[in-house]
Amino acid sequence: MDRCLAADTIKNIDTEVTLLGWVDTIRSHGKIAFIDLRDRSGLVQCVDTSGKISAGNEDVIKITGLVKKRPEKMINLKIPSGTVEVSIKSFEILTKSKELPFAIDCDGYDINEEIRMKYRYLDIRRLRITRNLKIRSQVTTFIRNFLTKRDFAEIETPMLTKTTPEGARDFIVPSRLQKGKFYALPQSPQQYKQLLMVAGIERYFQIVRCFRDEDPRADRAYGEFTQLDLEMSFVNQEDIMRLTEEMFTKLVAEIFPEKHILISPWPRLSHKEVMEKYKTDKPDLRKNKTDKNELAFSWTIDFPLFTEQSKEDFYHGSGKAKFAPSHHMFAAPHPDDIPLLSSDPMKVRGLQHDLVLNGYEVGGGSMRIHEKELQEKIFDLIGFTDKQKMQFEHILTAFTFGVPPHGGIAPGIDRFLMAALGEPSVREVMAFPTSSSGQTAVMDAPSNVTEEQLKELEIKIVSAK
Ligand code: ASP
């Protein structure tokens, strides 16, 4: 179809064009009516002098008309097509719209979130959300290009898998073929990416969905989130931090040219230092916290490998262990501190690096253990029973077949966008986020399943009542 986008009208002065889109606004002044047509490129003003057109906001329309230069004093610099208008020759309503349940010509922050999520497809029409989603796409495209050029391979890992301990609760999925057994949705592809290093891939990344059943917060959506998962072989911590820093620095310059990174190279602060100075491991180093264009990245390093284990810890195995990993159980101890694993484990530093932006932890990573014996020692220190160890038998076995030293990182895409765009919640940068009560946007999940489905799975719901 020969269609002209609203923003392209300025390239078609004195030409007849066909436009397709939504009625953004319609203003009638007696015989003359102004219709702002909106499409994915923006708005263009169309003028009708027939006096016959009637349409409602958000109706989908087709307009054929002549693009004319606007007189000097009618120019509207607020829209890219503001130097022209389209004189309507023919007008057609393709579909009508009911009145929307809320306004979309505002930023929407004040509108009840439940209603925004119920009609998220309308909420996305709001310029702010449309723009956030397009920027998100630019960011992931930039990352893909940046890493692919540096010889990284993008590889997909399974969604139906086994428990992947990142310290949260798993989502589990019942198996029909093996009754009584369950898959877990991945909390991250941590083990698969390490197995890909054993496989000789050397440079892996994936823009991947991760699932964690933890309580929601503003900077964390319920249930699922997206991260750039990355792993490299034959590198040290310096290489991982340098690559990450270069990628985000170039990304900000290209996609957020109005923003500036306050300190470069990014400060690297030891865990001890940040805790003493800022009382948090994710310090907000901005000078002016009201300046939306200021980005203060930093690294927090030299974390202790372990924290005190709490009763709720996933790792709580035999019930006797005192230690839980600060990051996860595959993070490598500092080589100088290995003897302390036997004498004073709480003093052992981990080769962990957390990426911090404007007071948010936007990513974490580490060098990994690549020796079977050392990995087993960590399992013992966190109190794994033999049964729990068996759950990770595959990785211990893989470590007997020539494993390269390796490490990686996983910056959160939603978190990064939230911080970079200065949004108050990650939900503002996700297309269909779950609500804070775990309700999915638009679709009614979680929901009941049929008796037949349960029967097939041999699952019985025992009411909590
Ligand atoms: N698997 C870790 C996480 O999801 C990241 C990493 O260590 O690369 O937090």
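Above: the structure in question.
Just so you know, the residues in each chain are numbered from 1, in the order the chain's sequence is written. Confidence filtering applies because this is a predicted model: local features only for residues at pLDDT of at least 70, side-chain atom pairs given and counted only at 80 or more, and all residues used for totals across whole chains, interfaces and linings. Just so you know, side-chain values use all the structure's heavy atoms and leave hydrogens and water out.

1. Some thoughts on the packing of aromatic side chains
Logical step 1: Pairing of aromatic rings covers Phe, Tyr and the six-membered ring of Trp, with a centre-to-centre limit of 6.5 Å; geometry is then stacked below 30 degrees between planes, edge-to-face above 60, and tilted otherwise. Enumeration according to the criterion identifies 14 aromatic pairs in this entry.
Logical step 2: Geometrically, the ring pair formed by Phe379 and Phe392 is tilted, given 5.6 Å between the ring centres and 40 degrees between the ring planes. Taken together, the residues Phe379 in helix 8 (residues 372–381) and Phe392 in the loop between helix 9 (386–390) and helix 10 (393–398) connect sequence positions 13 residues apart.
Logical step 3: In this scheme, a residue with accessible area under 20% of its type's maximum is buried, one over 50% is exposed, and one in between is partly exposed, where area comes from a 1.4 Å probe on protein chains only. With relative accessibility at 0%, the residue Phe379 sits in the buried group.
Logical step 4: By way of ring pairs, the aromatic residues Phe248, Phe256, Trp266, Phe297, Trp299 and Phe416 are connected into one cluster.
Logical step 5: A cation over a ring is seen here: Arg128 above Tyr109, with NZ or CZ 3.8 Å from the ring centre.
Logical step 6: Consider the ring centre and the ring normal. A charge sits over the ring if Lys NZ or Arg CZ is within 6 Å of that centre and within 35 degrees of that normal. In this arrangement the basic side chain of Arg150 is found over the ring face of Phe146, its NZ or CZ atom lying 3.6 Å from the centre. A run of DSSP states H or I qualifies as a helix once it reaches four residues; a run of E qualifies as a strand once it reaches two. Both are numbered from the N-terminal end.

2. Considerations on the pairing of strand 9 (residues 203–212)
Logical step 1: Judged by how many residues are buried, strand 9 sits mostly within the fold: 8 of 10 residues are covered.
Logical step 2: Sheet topology places strand 6 (residues 153–154) next to strand 9; 2 bridges connect them, and they run parallel. Across the sheet, residue Glu154 finds its bridge partner in strand 9, namely Phe205.
Logical step 3: Whether two strands pair comes down to DSSP finding at least two bridges between them. For strand 9 and strand 10 (residues 223–233), the ladder comprises 10 bridges, and the chain directions are antiparallel. Bridge pairing in strand 10 links Gln206 to Asp229.

3. Digging into the pairing of strand 19 (residues 406–411)
Logical step 1: In terms of burial, strand 19 is largely enclosed, as 6 of its 6 residues are buried.
Logical step 2: By the alternation rule, side chains of strand 19 split into His406, Gly408 and Ala410 and Gly407, Ile409 and Pro411, which are all buried.
Logical step 3: With 4 bridges connecting them, strand 10 and strand 19 associate as antiparallel partners. Bridge pairing links Leu230 to Ile409 in strand 19.
Logical step 4: Strand direction decides the pairing type here: strand 18 (residues 360–367) and strand 19, joined by 5 bridges, are antiparallel. Within strand 19, the position partnered with Gly363 by the bridge is Pro411.

4. Examining the layout of surface pockets
Logical step 1: The distinction between a cavity and a pocket rests on a 1 Å grid over the protein atoms alone: a 1.4 Å probe fits inside a cavity but cannot get out, while a pocket stays open yet meets protein on both sides within 12 Å along at least five of seven lines, and a residue with an atom within 4 Å of a point counts as lining. Grid points are joined across faces, edges and corners, and a volume is the space filled by probe spheres set on the points. Size it by volume and the second largest pocket reaches roughly 810 Å³.
Logical step 2: Looking at the second largest pocket, it is lined by 24 residues, and the ones nearest its centre are Phe171, Ile172, Pro446, Ser447 and Val449.
Logical step 3: Counting residues per element, the ones that place at least two in the lining of the second largest pocket are strand 7 (172–174), strand 10 and helix 12 (451–457).
Logical step 4: Considering every element that reaches the lining of the second largest pocket, the biggest residue donor is helix 12, with 4 residues.

5. Considerations on unusual backbone geometry
Logical step 1: Backbone torsion omega between Ser264 and Pro265 reads -10 degrees, so that peptide bond is classified as cis.
Logical step 2: Along the chain, Pro265 falls in the loop between strand 11 (260–261) and strand 12 (268–270).
Logical step 3: In this structure, Pro446 follows Ala445 across a cis peptide bond, with omega equal to 5 degrees.
Logical step 4: Note that Pro446 resides in the loop between helix 11 (413–421) and helix 12.

6. With respect to the site of the ligand
Logical step 1: If you check the shell around the ligand, you find 13 residues, and the closest are Glu166, Gln190, Lys193, His328 and Arg368.
Logical step 2: In the analysis that follows, any N or O atom pair within 3.5 Å is treated as a polar contact, provided that within protein one partner can donate a hydrogen and the other can accept it, and provided that, for residues neighboring in sequence, both atoms belong to side chains. The contact in question runs from a nitrogen atom of the ligand to an N or O atom on the side chain of Gln190, over 2.7 Å.
Logical step 3: Within the side chain of Arg212, a nitrogen or oxygen atom sits 3.0 Å from an oxygen atom of the ligand.
Logical step 4: Among the elements of the structure, helix 4 (190–198), strand 18 and strand 19 are those that each provide at least two residues to the shell around the ligand.
Logical step 5: When grouped by side-chain class, the residues that make up the shell around the ligand number 2 nonpolar, 7 polar and 4 charged. Here a residue is near a molecule or strand as soon as one of its heavy atoms is found within 4 Å of it. All residues other than Ala, Val, Leu, Ile, Met, Phe, Trp, Tyr, Cys, Pro, Asp, Glu, Lys and Arg, Gly among them, are scored as polar; the first ten of these are nonpolar and the last four charged.

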